[in-house]
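# Structural overview
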Amino acid sequence: MRTQVLEATPEALTRAAEVIRAGGLVAFPTETVYGLGANALSAAAVAKIFEAKERPRGNPLIVHVADATALDEVAVRVTDRAREVVAIFWPGPLTLVLERAAPVPLITTGGLDTVAVRAPAHPVAQALIRAAGRPLAAPSANRSGRPSPTRAPHVVEDLGGRIELILDGGSTSVGLESTVLDMTTEPPTLLRPGGVTLEQLEAHLGRVRLATGDDEAAGRSPGLRFRHYAPRAKVVLIEAGAGEEAVVSWLDGGKSVALMVQRSVGLDRPGLRVRLMPVDLEAYGRDLFEALRELDATGVEAIFVEGIAEVGLGRAIMDRLRRAAS
Ligand code: TXA
Ligand code: MG
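A short tour of the structure in this document, coming up. Because the structure is a prediction, the values reported are computed rather than measured.

## Brief notes about unusual backbone geometry
Following Trp 90, the chain continues to Pro 91 via a peptide bond in cis, the omega torsion being -10°. Positionally, Pro 91 belongs in the loop between helix 4 (80–89) and strand 6 (94–100). Cis geometry marks the peptide bond from Glu 186 to Pro 187, where omega comes out at -5°. In this fold, Pro 187 is placed in the loop between strand 10 (179–182) and strand 11 (189–192). Here the phi dihedral of Arg 77 falls at roughly 50°; this positive angle occurs in a residue that is not glycine.

Structure representation (structure tokens):
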């Protein structure tokens, strides 16, 4: 299949909506990362997503809607509390897990009776959902297990030749995937930290529970089971300040390594590539996946990353780094 890459003009959006309505796949920008979209209500269309990404069938997809008015098409028994959260954070990087409505096929939800729903804020995502006139199932538009794409060329790298169309809307602004919050439990459970922080959620909801191994075992958090963000190079998470000490034995052994740090490093050796990451967490989140992709492409054998404090967006960043390193 030839993959078309089009700048997200009104004409391209019309074309993209046609592809979706015909049961095809379109990658599109959201404010978090690029998504790989298909008609969420068509089992045949959604099956193509799993094929193109080589995604395990048990890992459910997020259903993207334009706004809260579409909630009742895809979810049932939506509580007032869930509606309040939606009123505050949508459109934006927050996904809610709710009870699945019958029109959503089980393949979309990985066989679960719950459904993950979010309204993305990106104007291209908004325009595509409205033009298609259907909710869009859309996982991140990477090959399963690779870092999420934050620019159209990343999608070409992973899915070129496998999907009909990529809408190019430039770089994504958040760079980390949405926060996934299960509203079917009391208190609500944070299944994946992301663009909306735990602190922001707790300010409105009171206590929010963090997902544990038990949630995973009970099948409530399928995302925790699967391998994520794994570059070809070995990723090693180390403590802040420990970078020089960690890389030196690798360099002495003649290996090439990368070091991702938020500070200048007083070590200059052949074989060492230093990637300076922003101190500002929003900027760090925006750059993270691209940095992993770029360093990996240089062919280094290992990428050492200094850990950061788990406050605010730091929680989502550390979650992604831990998964990349596991
Ligand atoms: O920011 C994002 O969320 C991006 C953009 C494209 O919207 N999408 C994204 O999708 O990151 P994906 O498929 O890469 O991650 C979806 C996560 C997975 O961890 C999945 O297991 C979880 O959401 N999820 C989906 N449906 C669920 C459900 N019913 N119950 C629990 N977790 C669910
Ligand atoms: Mg993903």
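## Notes on the site of ligand 1
Among the 26 residues in the neighbourhood of ligand 1, the closest are listed as Thr 32, Arg 55, Asn 59, His 64 and Ser 178. The side chain of Arg 55 places a nitrogen or oxygen atom 2.9 Å from an oxygen atom of ligand 1. A distance of 2.5 Å separates an oxygen atom of ligand 1 from a polar side-chain atom of Ser 178. With the chains in place, 96% of the 670 Å² that ligand 1 exposes on its own is no longer accessible. Among the elements of the structure, strand 4 (62–64), strand 7 (114–118) and strand 11 are those that each provide at least two residues to the shell around ligand 1. Sorting elements by how many residues they give to the shell around ligand 1 places strand 7 first, with 4 residues. Tallied by class, the residues present in the shell around ligand 1 amount to 13 nonpolar, 8 polar and 5 charged.

## Looking at the packing of aromatic side chains
Here the structure, examined in full by the defined rule, presents 1 aromatic pair. The interplanar angle of 80° and the centroid separation of 5.6 Å between the aromatic rings of Trp 250 and Phe 304 together place this pair among those described as edge-to-face. Of this pair, Trp 250 sits in helix 9 (residues 243–252) while Phe 304 sits in strand 16 (residues 302–306), placing them 54 residues apart in sequence. Judged by relative accessible area, Phe 304 falls into the buried class, the value being 4%. The lysine or arginine in question, Lys 255, covers the ring of Trp 250, its NZ or CZ lying 5.8 Å from the ring centre.

## Considerations on the pattern of salt bridges
Counting across every chain of the model gives 23 salt bridges. Two residues, Glu 157 and Arg 293, come together in a salt bridge whose shortest N-O distance is 2.8 Å. Highlighted residues: Glu 157 in helix 6 (residues 152–159) and Arg 293 in helix 10 (residues 281–297), separated in sequence by 136 residues. Residues participating in the shared-partner salt-bridge network are Arg 146, Glu 157, Asp 158 and Arg 293.

## As for the environment of Gln 4
Examined against the element boundaries, Gln 4 turns out to sit in strand 1 (residues 4–7). With relative accessibility at 26%, the residue Gln 4 sits in the partly exposed group. Distance in space between the C-alpha atoms of Gln 4 and Gly 161 is 9.0 Å, their sequence separation being 157 residues. Filtering out sequence-adjacent residues up to four positions away, Gln 4 remains in contact with Arg 15, Glu 164, Leu 165 and Ile 166.

## Regarding the side chain of His 64
With respect to the helices and strands, His 64 occurs in strand 4. A relative accessible area of 4% means that His 64 is categorised as buried. Reaching out from His 64, the side chain makes a polar contact with the backbone oxygen of Ile 62 at a distance of 3.2 Å. The contact partners of His 64, leaving out residues within four places of it in the chain, are Arg 118, Pro 120, Ile 129, Pro 135, Leu 136 and Ala 138.

## Considering the nonpolar core
Leu 36, Leu 94, Leu 96, Leu 98, Ile 163 and Leu 201 are the most contacted members of the largest nonpolar core, which has 48 residues in total. Only strand 3 (34–39), helix 2 (43–53), helix 3 (71–74), helix 4, strand 6, strand 7, helix 6 and helix 7 (198–205) provide two or more residues apiece to this core. For this core, the leading source of residues is helix 2, giving 6 residues. Counting residues in each nonpolar core, the second largest holds 25 residues, with Ala 233, Leu 292, Ile 303 and Ala 316 among its members.

## Overview of the side chain of Ser 148
With respect to the helices and strands, the residue Ser 148 is situated in the loop between strand 8 (136–137) and helix 6. For Ser 148, a relative accessible area of 1% puts it in the buried group. Only 2.5 Å separates the side chain of Ser 148 from the side chain of Glu 177, close enough to count as a polar contact.

## Describing the packing of helix 10 against helix 11 (residues 314–325)
Look at helix 10 against helix 11: their axes get within 9 Å of each other, and the N-to-C directions meet at 20°. Classified by the angle between their axes, helix 10 and helix 11 sit roughly parallel to one another. The handedness of the crossing between helix 10 and helix 11 comes out as left-handed. Only Gly 314, Ile 317, Arg 320, Leu 321 and Ala 324 of helix 11 make contact with helix 10, whose side of the interface consists of Leu 281, Tyr 284, Gly 285, Leu 288, Phe 289 and Leu 292.

## Focus: the pairing of strand 2 (residues 26–29)
Both faces of the sheet carry side chains from a regular strand, because those side chains alternate between them. Of the two faces of strand 2, both are covered, the one formed by Val 26 and Phe 28 as well as the one formed by Ala 27 and Pro 29. Where strand 2 and strand 3 come together, 4 bridges link them in antiparallel fashion. Directly across from Pro 29, in strand 3, lies its bridge partner Tyr 34. Counted along the chain from strand 2 to the antiparallel partner strand 3, the turn is 4 residues long. Of the pairings in the sheet, the one linking strand 2 to strand 9 (residues 165–168) comprises 2 bridges and is parallel in character. Directly across from Val 26, in strand 9, lies its bridge partner Leu 165.

Thresholds, definitions, all that
Residues numbered from 1 in each chain as written. Chains lettered and ligands numbered in written order. Predicted model: local features only at pLDDT ≥ 70, side-chain atom pairs only at ≥ 80, totals over all residues. Heavy atoms only, no water. Helix = DSSP H or I, 4+ residues; strand = E, 2+ residues; numbered from the N terminus. Near = heavy atom within 4 Å. Polar contact = N/O pair within 3.5 Å; in protein donor to acceptor, adjacent residues only side chain to side chain. Areas by Shrake-Rupley, 256 points an atom, 1.4 Å probe, with all protein chains shown as cover. Nonpolar A, V, L, I, M, F, W, Y, C, P; charged D, E, K, R; others polar. Phe/Tyr/Trp six-rings, centres within 6.5 Å; stacked < 30°, edge-to-face > 60°. Buried < 20%, exposed > 50% of the residue type's maximum accessible area, 1.4 Å probe, protein only. Lys NZ or Arg CZ within 6 Å of the ring centre and 35° of its normal. Salt bridge = Lys/Arg side-chain N within 4 Å of Asp/Glu carboxyl O. Contact = heavy atoms within 4.5 Å. Core = buried A, V, L, I, M, F, W, Y, C linked by side-chain atoms within 4.5 Å. Axes fitted to C-alpha atoms, helices over the stretch in contact; angles between N-to-C directions. Parallel < 35°, antiparallel > 145°, perpendicular 65-115°, else oblique. Left-handed = near helix turned anticlockwise from the far one by under 90°. Pairing = 2+ DSSP bridges.

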